[in-house]
Amino acid sequence: MNNTTDRPECWPSLPLDSWQETYATLHMWTQIVGKVRLHLTPLINHWWNVPFYVTARGLTASCIPYEDRSFELYFDFIRHQLVLETSDAIVKKLPLQPRSVAEFYQEFFAMLRSAGIDVKIWPMPVEIPNPIRFDQDQQHNSYDPESVAKFWRILLSANTVFQQFRSRFIGKSSPVHFFWGSFDLAVTRFSGRKAPPRDGADSITREAYSHEVSSVGFWPGAGFAGPAFYSYMAPEPQGFREAQVQPAGAHYDPALGEFIVMYDDIRAASSPSEALLAFCETTYAAGARAAKWDRDSLERSIP
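About the criteria used
Residues numbered from 1 in each chain as written. Predicted model: local features only at pLDDT ≥ 70, side-chain atom pairs only at ≥ 80, totals over all residues. Heavy atoms only, no water. Helix = DSSP H or I, 4+ residues; strand = E, 2+ residues; numbered from the N terminus. Expected span 1.5 Å × (residues − 1). Buried < 20%, exposed > 50% of the residue type's maximum accessible area, 1.4 Å probe, protein only. Phe/Tyr/Trp six-rings, centres within 6.5 Å; stacked < 30°, edge-to-face > 60°. Lys NZ or Arg CZ within 6 Å of the ring centre and 35° of its normal. Axes fitted to C-alpha atoms, helices over the stretch in contact; angles between N-to-C directions. Parallel < 35°, antiparallel > 145°, perpendicular 65-115°, else oblique. Left-handed = near helix turned anticlockwise from the far one by under 90°. Contact = heavy atoms within 4.5 Å. Nonpolar A, V, L, I, M, F, W, Y, C, P; charged D, E, K, R; others polar. Core = buried A, V, L, I, M, F, W, Y, C linked by side-chain atoms within 4.5 Å.

A.B. asks: What's the story with helix 1 (residues 20–40) in this structure? I'm lost.
C.D. replies: For the α-helix, the turn length of 3.6 residues means that residues three or four positions removed from each other point alike. Taking 1.5 Å per residue as the helical rise, helix 1 with its 21 residues ought to reach 30 Å, and the 31 Å between its terminal C-alpha atoms agrees with that figure. Burial runs high along helix 1: 16 of the 21 residues are buried.

A.B. asks: Looking at this model, I keep getting lost on the packing of aromatic side chains. Mind explaining?
C.D. replies: When we look at a pair of aromatic rings, we describe it by the centre distance and by the angle of the planes. Across all of its chains, the model carries 30 aromatic pairs by this definition. Seen from their ring centres, Phe 240 and Phe 259 are 5.0 Å apart, and the 85° between their planes marks the pair as edge-to-face. Residue Phe 240 is found in the loop between strand 9 (228–234) and strand 10 (251–253), and its partner Phe 259 is found in strand 11 (residues 258–262); the two are separated by 19 residues along the sequence. One exposure class covers both Phe 240 and Phe 259, and it is buried. Aromatic ring contacts, followed pair by pair, group Trp 29, Phe 104, Tyr 105, Phe 108, Phe 109, Phe 134 and Tyr 143 into a single cluster. Its guanidinium or amino end placed over the ring of Tyr 284, Arg 189 lies 4.4 Å from that ring's centre, counting from NZ or CZ.

A.B. asks: What should I look at first to understand helix 6 (residues 272–290) in this one?
C.D. replies: For helix 6, with 19 residues, the first-to-last C-alpha span of 27 Å sits near the 27 Å given by 1.5 Å per residue. Within helix 6, 15 of the 19 residues are buried, which leaves it mostly tucked inside the rest of the structure. Two residues or fewer past helix 6, Lys 292 is found with a positive phi of approximately 60°.

A.B. asks: Help me out: how do you make sense of the packing of helix 1 against helix 2 (residues 101–114) in this one?
C.D. replies: Axis angle and axis distance: for two packed helices, these are the angle between their axes and the distance between the axes, and together they describe the pair. Running from N to C, helix 1 and helix 2 cross one another at 30°; their axes reach a closest spacing of 10 Å. Here helix 1 lies roughly parallel to helix 2, going by the angle between them. As helix 1 runs across helix 2, the sense of the crossing is right-handed. Between helix 1 and helix 2, the contacting residues are Thr 25, Met 28, Trp 29, Ile 32, Val 33 and Val 36 on the first element and Val 101, Phe 104, Tyr 105, Phe 108, Phe 109 and Leu 112 on the second. Class assignment of the residues belonging to the contact of helix 1 with helix 2 gives a composition of 11 nonpolar, 1 polar and no charged.

A.B. asks: Is there a simple way to think about the nonpolar core in this case?
C.D. replies: A general tendency of soluble globular proteins is for nonpolar side chains to be buried together. In this structure, Val 36, Leu 73, Phe 108, Phe 162 and Phe 229 are the most contacted members of the largest nonpolar core, which totals 82 residues. Take this core: its biggest share by element is 10 residues, from helix 3 (residues 145–167). Leaving out residues up to four positions away in the same chain, Phe 229 has contacts with Trp 11, Ala 158, Phe 162, Gly 217, Phe 218, Phe 259, Ile 260, Val 261, Tyr 263, Ile 266, Leu 276 and Phe 279. If you look at the next biggest cluster of nonpolar residues, it comprises 11 residues, including Phe 190, Trp 219, Tyr 230 and Ile 260.

Treat this as a map of the structure, not an account of what it does.
As structure tokens, this is what we get:
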């Protein structure tokens, strides 16, 4: 890893309580935009047509087909605006500023209609407790640009490490992508074997976990006292949770069924990027050994 990625500004402090209201609002905004991509794109294995991707300015929904045109929607966290660009050279911008989810919902779809894009989505949030319809949500209305910029800076750094981790695997692997439902950045490796069916699983879960996986990711704070990195195997092999992994502070959380290391432990390391890469590598290796993956066929030799 290039040690320039270990500069303090690459791993800023972002306590959950410093931006929790902004976090909740931005989460809803990303779901609104993400559901447009979900509605207009064909299903790709494991819902890979759904997520966003980290960019040099923020997060993009990538190219979305619409009738005889295509368009892109991206969150610009430098100028703090949601940008719509179409293949016929239309450019529209929606400022990211304190406003309710309901107002954002109305303004966003007005922007799409002004560009000749008419799409409807299911207006209910997903993967959160006590959801409020987007068009009725006046509760979430915060936006702190400084906190969002720090969040994006963390995504950039984590994305760099996850891409390095992904490069060492030559089997099937997901892109490094940002799921707006759970609001986390993740990358997933596959053994190539089908997973046993999950009793009672809904269609979303069945599609996501149809095959054996090892996944690592970053949560900005939901379910924890602060931001954290996670790693899990699905299905979880016997002996995985007892494994010794790196760095110091990484541990298995039996309630979650995942290994966890807090973001603040990573940023406090002498090399945050190497500490995070070690977490990715050691948790994957523990799971791959326990599940008897064909590692010789799946992994690239590292000189």
